[in-house]
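What the coordinates show
Below, each chain spelled out in residue letters.
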Amino acid sequence: MMTVKEVSKLTGVSVRTLHYYDEIGLLTPAVTTEAGYRLYDDTKLERLQQILLFKELEFSLKDIKKMIDSPGFDRRKALSEQIELLTLKKEHFENLISHAQQIRSKGEYGMDFKVFDKVKIETYKAEAKRRWGDTEAYREYETKSADYSEEKQQVLARGMMDIFVEFGQKAEKSPADPEVQKIVKKLQDFITANYYTCTKQILSGLGQMYAAGGEMTDNIDTAGGKGTAEFAARAIAEYCK
């Protein structure tokens, strides 16, 4: 665990900014002590990396939160898109540098403004926002959770983890076992009742995300025991066939 000051020193993000990220729900600490100290673990630092990459690409904090919290967010696919966008920005800046150098060497300003065109970059960014943040499921989630208090959110989070505890208790069985499949159905119904309509397509994507590593996998394995996320993912895959 790292204190907020240690995270600030490691990342270059100011303590004030980290406090603000916590206030808006963009990056909450893993633990807040009784004395009020914010502590961050590796999974929180991983989320911070995602945030900083999106910021580097000039996404707003509102859009970043919407994308990262999107029900269908896939961090691996998002990273691939971030790399593509960073590559486009690199090419854009290289063209600008080359253009400026030509102006300096010739001693005159040309009328070529193509190098300033960022349409390709903006189009790619818009598609990323549409894919991760502007989904029907996310809009439904925003509507349902608009009036959720922090206490209500914590209750729901515990309820979700309780279901993964049940997965962990059945981990010795086959993912296709009827008892395990009932837990998958219970999970689907819980998500639909409290967050958004969880179709089999969405549930399938969530299953893959649960076992993909990172904060979600760690939380599930902490609740249900090591390997629970992978077992739940296989059970969900069976259910969604």
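A brief structural summary. All of these numbers come straight from a predicted model, not from anything done at the bench.

Further remarks concern the side chain of Arg47. By the secondary structure assignment, Arg47 is in helix α3 (residues 42–56). Judged by its relative accessible area of 15%, Arg47 is buried. For Arg47, the side chain forms a polar contact with the main-chain oxygen of Leu26, separated by 2.7 Å.

A few words on the sheet that holds strand β3 (residues 38–40). Strands sit in the order β1-β3-β2 across an open sheet of three strands; the sheet is antiparallel. Where the open sheet ends on each side, the last strands, each with one partner, are β1 (2–3) and β2 (31–32). As defined by bridge partners, β1 adjoins β3 across two bridges and the pair is classed as antiparallel. In the strand pairing of β3, Met2 is matched with Tyr40.

Now for the nonpolar core. Judged by nonpolar contacts, the single largest core of 26 residues is most densely connected at Phe164, Phe167, Leu187, Ile191, Leu203 and Tyr210. Where this core is concerned, the elements lending two or more residues are α8 (150–169), α9 (178–194), α10 (200–210) and α12 (228–239). For Leu203, the contacting residues outside a window of four places in its chain are Val184, Leu187, Gln188, Cys198, Ile236, Tyr239 and Cys240. Core analysis: the next-biggest nonpolar cluster, separate from the first, contains 20 residues, Leu18, Phe54, Met67 and Phe73 among them.

Counting through the fold element by element, Asn194 comes out in helix α9. A polar side-chain atom of Asn194 sits 2.9 Å from the main-chain carbonyl oxygen of Phe190. Beyond its immediate sequence surroundings of up to four residues, Asn194 is in contact with Lys144, Tyr148 and Leu156.

It is worth spelling out α9 at this point. Compared with an ideal rise of 1.5 Å per residue, which puts 17 residues at 24 Å, α9 spans 24 Å between its outermost C-alpha atoms and is within 8% of the ideal. Listed in full, the buried residues belonging to α9 are Val180, Gln181, Ile183, Val184, Leu187, Gln188, Phe190, Ile191 and Asn194. The backbone nitrogen of Glu179 has a side-chain oxygen 2.8 Å away, supplied by the residue at the start of α9, namely Asp177.

Moving on, we come to the packing of α9 against α12. The N-to-C vectors of α9 and α12 enclose an angle of 85°; their axes lie 9 Å apart at closest approach. Classed by the angle they form, the pair α9 and α12 counts as roughly perpendicular. Listed contacts from α12 to Val180, Gln181, Val184, Lys185, Leu187 and Gln188 of α9 are Phe231, Ala235, Ile236, Glu238 and Tyr239. For the contact of α9 with α12, a count of residues per class yields seven nonpolar, two polar and two charged.

Let's shift gears to the environment of Leu39. Mapped onto the elements, Leu39 comes out in strand β3. Separated by 33 residues in sequence, Leu39 and Glu6 have C-alpha atoms that sit 9.4 Å apart. Residue contacts for Leu39: discarding those within four places in its chain leaves Met1, Met2, Thr3, Pro29, Ala30, Val31 and Thr33.

Let us look at the pattern of salt bridges. Tallying each qualifying case throughout the model produces nine salt bridges. Glu166 is the partner of Lys186 in a salt bridge, and the nearest nitrogen-oxygen pair spans 2.5 Å. With a gap of 20 residues between them, Lys186 in helix α9 and Glu166 in helix α8 connect regions that are remote in the sequence. With a relative accessible area of 41%, Lys186 lands in the partly exposed category. Under the relative-accessibility criterion, Glu166 is labelled partly exposed at 23%. Across the pair Asp189 and Lys185 runs a salt bridge whose closest N-O atoms are separated by 2.8 Å. Highlighted residues: Asp189 and Lys185, both in helix α9, separated by four residues, approximately one helical turn. Taking the relative accessible area as the measure of exposure, Lys185 reaches 35% and is therefore partly exposed. Here the salt bridges do not stand alone but share partners, grouping Arg47, Lys65 and Asp69 into one network.

Conventions and cut-offs
- Residues numbered from 1 in each chain as written.
- Predicted model: local features only at pLDDT ≥ 70, side-chain atom pairs only at ≥ 80, totals over all residues.
- Heavy atoms only, no water.
- Helix = DSSP H or I, 4+ residues; strand = E, 2+ residues; numbered from the N terminus.
- Buried < 20%, exposed > 50% of the residue type's maximum accessible area, 1.4 Å probe, protein only.
- Polar contact = N/O pair within 3.5 Å; in protein donor to acceptor, adjacent residues only side chain to side chain.
- Pairing = 2+ DSSP bridges.
- Core = buried A, V, L, I, M, F, W, Y, C linked by side-chain atoms within 4.5 Å.
- Contact = heavy atoms within 4.5 Å.
- Expected span 1.5 Å × (residues − 1).
- Axes fitted to C-alpha atoms, helices over the stretch in contact; angles between N-to-C directions.
- Parallel < 35°, antiparallel > 145°, perpendicular 65-115°, else oblique.
- Nonpolar A, V, L, I, M, F, W, Y, C, P; charged D, E, K, R; others polar.
- Salt bridge = Lys/Arg side-chain N within 4 Å of Asp/Glu carboxyl O.

Function-wise, these values are silent; they only describe arrangement.
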